[in-house]
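Architecture and fold: a report
Chain by chain, the residues run as shown.
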Amino acid sequence: MINLQNKSPRLLVIGDLMIDQYLWGSCERISPEAPVQVINVERESTVLGGAGNVVNNLKKLGAQVDVISVVGNCEISNKLRTLLSDIEVDSKYLITQKNRASSKKCRIIASQQQVIRYDRESTEEINLESQNTIIEIFKKIVKDYAVILLSDYGKGVLTNQLTQSLINIAKKYNKKVLIDPKGIDYLKYKGAYSLTPNKKEASEATKINIVDDASLTDAIVELKSICDLDVSLITLSEHGVAMYDDEFRIHPTIAKEVFDVTGAGDTILASIGFAIACGFNIDEAVEFSNLAAGVVVGKIGSATASLNEIIEYESSINKSTSEKHIKSIDEITPLIKELKARDKKIVFTNGCFDLLHAGHISFLETAKSFGDVLILGLNSDRSITTLKGKERPINIQADRAYILAALEVVDYVVIFDEDTPYELIKAIKPHTLVKGGDYKGKEVVGQDIADELKLVEFIDGKSSTQTIEKIKQYN
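For clarity, every value in this text was computed on a predicted model and none was experimentally measured. Position numbers for residues start from 1 in each chain and track the written sequence from start to end. Only residues with pLDDT of at least 70 get local features here, since the model is predicted, and only at 80 or more are side-chain atom pairs given and counted; chain-wide, interface and lining totals rely on the full set of residues. Computation of side-chain values covers all heavy atoms of the structure but excludes hydrogens and water.

1. A few points about the confidence of the model for the protein
In low-pLDDT regions, the fine details of the predicted coordinates are not to be read closely. Note on scores: pLDDT gives the predictor's confidence for each residue, bounded by 0 and 100. Mean pLDDT over the protein works out to 88, with 92% of the residues at or above the 70 mark. Starting at the N terminus, helices and strands are each numbered in turn, a helix being any DSSP run of H or I of at least four residues and a strand any DSSP run of E of at least two. Across the protein, strand 1 (residues 10-15) holds the top mean pLDDT of 98, while helix 15 (residues 464-473) sits lowest at 67. The contact criterion used is simple: two residues touch if any of their non-hydrogen atoms lie within 4.5 Å. Residue range residues 258-262 is modelled with pLDDT below 50. Its contacts to residues more than four positions away, or to other chains, number 16 contacts.

So this is what it looks like as structure tokens:
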């Protein structure tokens, strides 16, 4: 995957903000009043939807984000401001329009399946005063952003006149405008850098029934022509993203599990915009968005994908190199925080692992069985020399780390240079600390930090020292 870690570009999102509410429960009976399910609501969650989900996705990726939108003078609008504040996004560019109801969609989920959805919103176009206010704000701030994203949900914010004005202003400053479109009149998006319609939307906009590669090519070329785009894109759900600039190509994706496609379009828009804002080309950006989309469709509801989740996902489909699993202590600390937030049980062990053998593998497999994520603290060359003498290690730390990181059972390797891994354990705060059975009855470094200590017996006759002595016999 292209390296997007530690990047923090500044992007501007303009579009229809909304709230997505989820009522989660179970169903065990049918109502006696009508032939409908009775849902026992066990919990509820409220998240940003629409353009807000684009904002949320960008924040998860590490971007600096501002948002321009029009909201009503209502309780939902107040909640929108609170949700933006919760993710450290300023609501200073939200324009209040009287007699307008901000959008709220409520979904009832039973046994991981959406049962019903009901909406409350205004869908008429925002008034001319609100449009002019947006234009004046945009003129003042457009130069401050790397990329502009328009998230059109057809709720009235991105009118034809406003959308064209925003595109024309952005072009004067050489700013790329990427748009997630709505409706069938795509002339309102003319002059944008790119659009991200799905296959159904592209078919309706071009009046070309997309049934095979030939009709897909016709539609994507037509979109580029009628909208005067730099790059024409059509998202193909689990099949990836088709694109056309000077030539037609498809970037395939792999979604291991698809639970809910809600918000996947938001993730694609956000991730493509983020990658381009970081200076990567459109092909690299689309490849990155495919990985991000693969993460979110495996979740329920309007979801986001962090960089660490994307890296983990890429690794799980065998598209990442071993070096991606080698982390510094500064890199592993925020990653562990995120993994714990996702209720992952962290297991830690450490050692020299100089000459890898079957005993090591058995030990690591057992260690991994105690949790979800196995972090391996690896002694540096200096610390091994201190522990075992000047003839050790046999293999340098870079080689040892790379080999261990290639093992399916090891999630991350962190090299430490101290004589003990105490500082590393203190930074990770693992749920489970694993050491060899030879530590039975002894004090184990870090056991005061971990929730529990597990001792694993070694396989008799398997050790790096014995292997080295056997090699010496042949010299």
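2. A few points about empty space enclosed by the protein
Method remark: on a 1 Å grid restricted to protein atoms, a set of points is classed as a cavity if a 1.4 Å probe fits but cannot get out and as a pocket if it is open with protein on both sides within 12 Å along at least five of seven lines; lining residues have an atom within 4 Å of a point. Grid points are joined across faces, edges and corners, and a volume is the space filled by probe spheres set on the points. By the definition in use, this model includes one cavity of 30 Å³ or more. The calculated volume of the largest cavity comes to roughly 60 Å³. Looking at the largest cavity, the residues that line it are Asp16, Leu17, Ser69, Val70, Arg100, Ala101, Ser102, Ser103, Ser122, Lys155 and Val157. Residues that form the lining of the largest cavity fall into these classes: four nonpolar, four polar and three charged. Residues are grouped as follows: Ala, Val, Leu, Ile, Met, Phe, Trp, Tyr, Cys and Pro are nonpolar; Asp, Glu, Lys and Arg are charged; every other residue, Gly included, is polar.

3. Focus on the pairing of strand 12 (residues 241-244)
Here's how the labels work: a residue is buried when its accessible area is under 20% of the maximum for its type, exposed when over 50%, partly exposed in between, all with a 1.4 Å probe on protein chains only. Where burial is concerned, the two faces of strand 12 agree: the one with Val241 and Met243 and the one with Ala242 and Tyr244 are both buried. In this structure, the hairpin formed by strand 11 (residues 231-235) and strand 12 is closed by a connection of five residues, where Ser237 is found at a positive phi of approximately 55°. Pairing between strands is defined by DSSP: at least two bridges between the two strands are required. Relative to strand 13 (residues 248-251), strand 12 runs antiparallel, the two sharing four bridges. In the sheet register, Val241 faces strand 13, and the bridge partner there is His251. Here strand 12 folds back onto strand 13 in antiparallel fashion, the turn holding three residues.

4. Points about the packing of helix 7 (residues 264-277) against helix 8 (residues 282-296)
Interaxial angles span 0 to 180 degrees and are taken between N-to-C directions of axes, which are lines fitted to C-alpha atoms, for helices over the stretch in contact. Taken N-terminus to C-terminus, the directions of helix 7 and helix 8 make an angle of 145°; their axes are 8 Å apart at the nearest point. For the crossing formed where helix 7 meets helix 8, the hand is right-handed. Contacts from Ala264, Thr267, Ile268, Ser271, Ile272, Phe274, Ala275 and Ile276 in helix 7 reach Ile282, Ala285, Val286, Phe288, Ser289, Ala292, Ala293 and Val296 in helix 8. Its residues assigned to classes, the contact of helix 7 with helix 8 shows 13 nonpolar, three polar and no charged. Rotating anticlockwise by less than a right angle from the far helix to the near helix defines a left-handed crossing, while the corresponding clockwise rotation defines a right-handed one.

5. Side note on the packing of aromatic side chains
Classification of ring pairs uses Phe, Tyr and Trp, with its six-membered ring standing for Trp, and accepts pairs whose centres are within 6.5 Å; under 30 degrees between planes counts as stacked, over 60 as edge-to-face, and the remaining range as tilted. Counted according to the given criterion, the structure contains three aromatic pairs. Only when the NZ atom of a Lys or the CZ atom of an Arg is both within 6 Å of the ring centre and within 35 degrees of the ring normal do we say a charge sits over the ring. Cation over ring: Lys176 sits above Tyr193, and NZ or CZ is 5.3 Å from the ring centre.

6. A closer look at the sheet that holds strand 18 (residues 432-436)
Strand order in this open sheet of six strands is 14-17-16-15-18-19, and the pairing throughout is parallel. Sheet topology places strand 14 (326-327) and strand 19 (452-456) at the edges, where each strand pairs with a single neighbour. Both strand 15 (residues 346-351) and strand 16 (residues 373-379) contribute to a ladder of six bridges, which runs parallel. In the strand pairing of strand 16, Thr349 is matched with Leu376.

7. Regarding the nonpolar core
Core analysis: the largest hydrophobic core is formed by 53 residues, its most contacted members being Val13, Leu58, Leu149 and Ile272. Non-local contacts of Leu149, meaning those with residues more than four positions away in its chain, are made with Leu11, Leu12, Val13, Ile14, Val54, Leu58, Leu178, Leu269, Ala270 and Gly273. The term nonpolar core refers to a set of buried residues drawn from Ala, Val, Leu, Ile, Met, Phe, Trp, Tyr and Cys, joined through side-chain atoms within 4.5 Å. One finds Leu12, Ile126, Phe138 and Cys227 within the second-largest nonpolar core, a separate group that totals 42 residues.

8. Here we look at unusual backbone geometry
Of the consecutive residues Arg392 and Pro393, the connecting peptide bond is found in the cis state with omega at 5°. Secondary-structure assignment places Pro393 in the loop between helix 12 (381-388) and helix 13 (397-405). Even without glycine at this site, Asn174 takes up a positive phi of about 55°. Locating Asn174 in the fold gives a position in the loop between helix 4 (160-172) and strand 9 (176-180). Of the residues examined, Asn174 reaches a relative accessible area of 72% and is grouped as exposed.

9. Regarding a negative patch on the surface
Taken together, the side chains of Asp212, Asp213, Asp218 and Glu222 define an acidic patch exposed on the protein surface. Locating Asp218 in the fold gives a position in helix 6 (residues 213-227). By relative accessible area, Asp218 is classed as partly exposed at 47%. Residues enter patches when they are more than 30% accessible in relative terms and free of salt bridges; like-charged ones are connected within 9 Å and nonpolar ones (Val, Leu, Ile, Met, Phe, Trp, Tyr) within 5 Å. In short, Shrake-Rupley with a 1.4 Å probe defines the accessible areas, and a residue's cover is counted only from the protein chains shown. Should a side-chain nitrogen of Lys or Arg be within 4 Å of a carboxyl oxygen of Asp or Glu, the pair is scored as a salt bridge. Positive: Lys, Arg. Negative: Asp, Glu. His and the chain ends are not part of the count. To locate a charge, take atom NZ for lysine, CZ for arginine, CG for aspartate or CD for glutamate.

10. Let's talk about the pattern of salt bridges
Applying the stated criterion across every chain, the model contains 17 salt bridges. Between Glu124 and Arg100 there is a salt bridge, and its shortest N-O distance comes to 3.9 Å. With Glu124 in the loop between strand 7 (113-120) and helix 3 (128-141) and Arg100 in the loop between strand 5 (94-97) and strand 6 (103-110), this residue pair connects regions lying 24 residues apart in the sequence. Exposure remark for Glu124: the relative accessible area of 41% places this residue in the partly exposed category. Judged by relative accessible area, Arg100 falls into the buried class, the value being 7%. Within this structure, Asp245, Arg249 and Asp283 form a network of salt bridges that share partners.

11. Structural notes on the state of the cysteines
We call a pair of cysteine sulfur atoms a disulfide when they lie within 2.5 Å. Counting across every chain of the model gives zero disulfides. Cys74 takes part in no disulfide bond, and the closest cysteine sulfur to it belongs to Cys106, at a distance of 16 Å.

12. Considering the sheet that holds strand 11
Spatially, nine strands are ordered 5-4-1-8-9-10-11-12-13 in an open sheet, and the strand pairing comes out mixed. Two strands in the sheet have a free side with no partner beyond their single neighbour: strand 5 and strand 13. Bridge count for strand 4 (residues 64-72) against strand 5 is four bridges, and the pairing is parallel. By the bridge assignment, Gly72 is partnered in strand 5 with Gln97. Across the sheet, helix 4 is in contact with strand 1, strand 8 (147-151) and strand 9; its angle to strand 9 comes to roughly 150°. Those strands touched by helix 8 are strand 11, strand 12 and strand 13, and its axis lies near 30° from that of strand 13.

13. Looking at the packing of helix 1 (residues 51-61) against helix 7
Where helix 1 meets helix 7, the closest approach of the two axes is 8 Å, and the angle between their N-to-C directions is 45°. As summarised for this structure, helix 1 and helix 7 are arranged oblique, according to the angle between their axes. Here helix 1 and helix 7 pass one another in a crossing that is right-handed. Here helix 1 contributes Asn53, Val54, Asn57, Leu58 and Leu61 to the contact with helix 7, which in turn contributes Asp266, Thr267, Leu269, Ala270, Ser271 and Phe274. Along the lines of polarity and charge, the residues of the contact of helix 1 with helix 7 split into six nonpolar, four polar and one charged. Oblique is the label for any angle not covered by the other classes, which are roughly parallel (under 35 degrees), roughly antiparallel (over 145) and roughly perpendicular (65 to 115).

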